[in-house]
Amino acid sequence: MKGFILSFRSEFYKTRKTMGFWSAVLLPLLLCLLLFIGFFNKSDQLAQLPGFMLWLRFAGAILGVMGSLLLPMLIIFIAYSVNSIEHKADTWKTLFSLPIPKLSVYAAKYFYAFFLVLLCLALFVVFTLGFGNLLSVLKPSLKFNEYNIANTLSHLYFKLFLSSLGILSIQFLLSLLFRDFLKPMGIGFICTITGVILAGNGWTYAYLFPYSHPLLALKALQQGKEAHPGSMPSITVDMLTKDTWVSLAVAVAVFIIGYFIVLKKSVK
Amino acid sequence: MVISTEGLTFTFGQQKVVKSLSLNVPEGSIYGFLGPNGAGKTTTIKLLLNLLQTQEGNIKIFDKDLRSNRIEILSQIGSLIEQPAIYAHLSGKENLLNRALLLEVPTQRVDDMLKLVHLTDAAHKKAGQYSLGMKQRLGIALALLSDPKLLILDEPTNGLDPNGIIEIRELLIRLVTQHQKTVFISSHLLAEIEKMATHVGIINYGELLFQGSINDLASLSQPLVQIEANNTVDAANLLTRNNFNVTEVNDHHLFATYTSKQQMGEINSLLNKNGYTVYSINKQQKDLEKLFLDITQPA
């Protein structure tokens, strides 16, 4: 366990000045900021919307692309950046000749990639809520304060995180095995497009394909859009659907397979 | 023995890269592991560090089996394999701090190491902007960071200028004589190893061709008598007729096997009596470079 903590801290120390780390912070900040500016300028047209719908527009603008494109691409990039730092510096051999169990070194890297995705999604929640509330302070005509979406939003993003673990583990393994960016990127891109097509067309078995999971996770949003204006609108997030279970199972399986590949693989 | 291997064999696909290697590295030695490029040196070193899984044979380091005591053994080894592994986006000092974090070494040690390899002034420069020699020195600082008992260095002087090479050599000698370390150093240059090694192993095509102290190696090479004379070819014929073993003749010199001082005198007077002018005559140790080539090149 000590080896794991040391390795995890070292992962942070190494990446804290790289794009891999900062993209997880800057992406939510910039996207939410853009949205904030957009809403701020168009506040007149948005003033008649009730609080719930306003939040749905605000958060939905990002969530809409999140499932189909943003999250898979972010995952591909993070999985690559965590591994490429060692490929580039030729440091796999030093990592695996440290007096630290190989499992700890490998697991620390794996969980650091998870951590970056979690951090990024958590910041999306924080910035969405922050900028939304800031809007209602600056433009009182926007009734963001009428509805508290914090709970729903954090549930939704947490479900997104769980549904991303399957892809993340696959991309992690690809980036560990291949030195160049094109292979994991190309495979990931094709799989993402396939996943979107499968989930978008409501194929029955889409839940078995990890790259469909983010889009499936956002199905809950549909309910909100269909809500009647009269009734009390709400979104219920069903946290553990079967696609989420598949995603978790894939993550565990790939983690174990990856470990045995690392053990067998001759270190360059 | 700090390192001892028995019947170490490693195969990449169809190709046997290391064949039944039995290394013996005594404590407190500088063991020069010599061989041409592609002889299997790096593979052997990776086996010693458990970066490659042992297929056949066994490895003992500090008299303990490497496989069952991996962590304990690795905690006492510092290593530098091929080009140093350095994060280019971090400064030299940050590279050391990162390693210090992993090895749980006090950060004071980082400054000491920077001073030791003369990188204090460049400590805050990005390691990616270092010259090859600076990178190599940083690599050595990284290897020394945990104050290991055994240093395993793969071609550590690659890319260094003469000054850098001398510095590294003196540092290694100091580590062994003053700090009781053991150094296992690979190289394809005998001349470099000759100047510091106490023990030598020569490997080619994965086979250990020689192993012993540097003196053993020197005694393998037979000394010669080098004679500079006016008519070398005729002189050589004369010596051969008189039962001297002439090994080589060229325009200016001839060489005969050395047996004693007495024999050198006899050669001299024989040549003089027969009207040859001897410009010089002296005993010559066959240099190790030549010996190395003899050993590593198939006949």
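Keep in mind that this is a model prediction, so the values were computed, not measured. (Residues numbered from 1 in each chain as written. Chains lettered and ligands numbered in written order. Predicted model: local features only at pLDDT ≥ 70, side-chain atom pairs only at ≥ 80, totals over all residues. Heavy atoms only, no water.)

### Focus: the overall build of chain B
Counted only if it meets this: Each helix is a run of H or I in the DSSP string that is no shorter than four residues. Each strand is a run of E no shorter than two, and both are numbered from the N terminus. Only the C-alpha atoms count toward the radius of gyration. The rule for a globule is 2.2 Å times the residue count to the power 0.38. For the exposure calls, accessible area comes from a 1.4 Å probe over protein chains only, and a residue counts as buried if that area is under 20% of its type's maximum, exposed if over 50%, partly exposed in between. All accessible areas in this document rest on Shrake-Rupley with a 1.4 Å probe, and a residue is counted as covered only by the protein chains that are shown. Charge counting follows a simple rule: Lys and Arg are positive, Asp and Glu are negative, and His as well as the terminal groups are ignored. One atom stands in for each charge, and that atom is NZ of Lys, CZ of Arg, CG of Asp or CD of Glu.
Secondary structure assignment for chain B yields eleven helices and 15 strands. Computed over the C-alpha atoms, the radius of gyration of chain B is 24 Å, more than 25% above the 19 Å expected from 2.2 N^0.38 for a compact globule of 299 residues. Along the first, second and third principal axes, the C-alpha set of chain B runs to 80 × 45 × 35 Å. For chain B, the residues scored as buried account for 52% of the 299 residues in total. Looking at chain B as shown, the accessible area adds up to about 13900 Å², and 47% of this sits on carbon and sulfur atoms. Across chain B, 27 positive and 30 negative side-chain charges occur, with their mean positions spaced 3 Å apart.

### As for the interface of chain B and chain A
Short version of the rule: For this analysis, residues touch if any pair of their heavy atoms sits within 4.5 Å. Buried area is calculated as the accessible area (1.4 Å probe) missing from two parts once they are joined, with the contributions of both summed. Salt bridges are counted wherever a side-chain nitrogen of Lys or Arg sits within 4 Å of a carboxyl oxygen of Asp or Glu. What qualifies as a polar contact is a pair of N or O atoms within 3.5 Å, subject to a donor-acceptor requirement within protein and to the restriction that residues adjacent in sequence count only when both atoms come from side chains. Lys, Arg, Asp and Glu make up the charged group, whereas Ala, Val, Leu, Ile, Met, Phe, Trp, Tyr, Cys and Pro make up the nonpolar group; the residues left over, Gly among them, are polar.
Taken together, the 28 residues of chain B in the interface contact 30 residues of chain A. Taken as a group, Leu51, Tyr87 and Leu102 of chain B account for 24% of the area that chain B buries against chain A, more than any other trio of residues on that side. The interface formed by chain B and chain A includes three salt bridges. The partner of Glu94 of chain B in a salt bridge is Arg16 of chain A, with the nearest N and O atoms 3.2 Å apart. Applying the counting rule to chain B against chain A returns ten residue pairs in polar contact (both at pLDDT 80 or more). The biggest single contributor to the side of chain B that touches chain A is helix H3 (residues 92-103) of chain B, with seven residues. The residue makeup of the side of chain B that touches chain A, split by class, is 15 nonpolar, seven polar and six charged.

### Focus: the pairing of strand S1 (residues 3-12) of chain B
All names here are of chain B. Cut-off, in case you're wondering: Strand pairing follows a simple DSSP-based rule, namely that at least 2 bridges must link the two strands.
The sheet contact formed by S1 and strand S5 (residues 56-61) spans five bridges and is antiparallel. The residue of S5 that forms the bridge with Glu6 is Asn58. Both S1 and strand S3 (residues 24-25) contribute to a ladder of two bridges, which runs antiparallel. Across the sheet, the residue bridging to Ser4 is Asn24, located in S3. Across four bridges, S1 lies against strand S2 (residues 15-21) in antiparallel orientation. Within the sheet, the bridge partner assigned to Thr11 lies in S2 and is Lys16. Between S1 and S2, which follow one another and run antiparallel, lie two residues, and Gly13 among them has a positive phi close to 60°.

### Observations concerning the packing of helix H6 (residues 102-138) of chain A against helix H11 (residues 242-264) of chain A
Residue and element names in this part refer to chain A. For the record, the criterion: A fitted line through C-alpha atoms serves as each axis, taken over the contacting stretch for helices, and the angle formed by two N-to-C directions is quoted from 0 to 180°. Note on terminology: angles under 35 degrees are roughly parallel, angles over 145 are roughly antiparallel, angles of 65 to 115 are roughly perpendicular, and the others are oblique. Crossing handedness: left-handed means the near helix sits turned counterclockwise from the far one by under a right angle, and right-handed means the same turn made clockwise.
It is the contact of H6 with H11, at a shortest axis distance of 10 Å, that shows an interaxial angle of 140°. With respect to H11, the element H6 is oriented oblique. You can see that H6 and H11 cross each other, and the crossing is right-handed. Every residue of H11 that contacts H6 at Lys102, Leu103, Tyr106, Ala107, Tyr110, Phe111 and Phe114 is listed here: Ala251, Val254, Phe255, Gly258, Tyr259, Val262 and Leu263.

### A word on the domain arrangement of chain B
All names here are of chain B. Let me state the cut-off plainly: Domain limits in this description derive from either an automatic procedure or a database domain assignment.
Considered domain by domain, chain B is made up of domain 1 (3-213) and domain 2 (221-296). Using only C-alpha atoms to locate each centre, domain 1 and domain 2 end up separated by 42 Å. Of the residues lining the interface, ten residues belong to domain 1; the matching set on domain 2 comes to five residues. The three residues of domain 1 that bury the most area against domain 2 are Leu190, Ile202 and Leu209, which together make up 53% of that side's buried surface. At the boundary of domain 1 and domain 2, one finds zero salt bridges. Joining domain 1 to domain 2, the criterion identifies zero residue pairs in polar contact (both at pLDDT 80 or more). Those elements giving two or more residues to the side of domain 1 that touches domain 2 turn out to be helix H7 (190-194) and strand S10 (199-204). When its residues are assigned to classes, the side of domain 1 that touches domain 2 shows six nonpolar, three polar and one charged.

### A closer look at the environment of Gly186 of chain A
Turning to its location among the elements, Gly186 of chain A is positioned in helix H8 (residues 182-200). A C-alpha to C-alpha distance of 13 Å links Gly186 of chain A and Ile170 of chain A, two positions 16 residues apart in sequence.

### Details of the pattern of salt bridges
All names here are of chain A. On inspection of all chains with the given rule, the structure shows twelve salt bridges over all chains. Among the salt bridges present, the one from Lys14 reaches Glu11, with a minimum N-O distance of 3.3 Å. Here Lys14 and its partner Glu11 are both found in helix H1 (residues 2-15), three residues apart, which amounts to about one turn of the helix. The exposure class of Lys14 is buried, given its relative accessible area of 1%. For Glu11, a relative accessible area of 2% translates into the label buried. Sharing partners across several salt bridges, the network here consists of Glu11, Lys14, Glu86 and Lys109.

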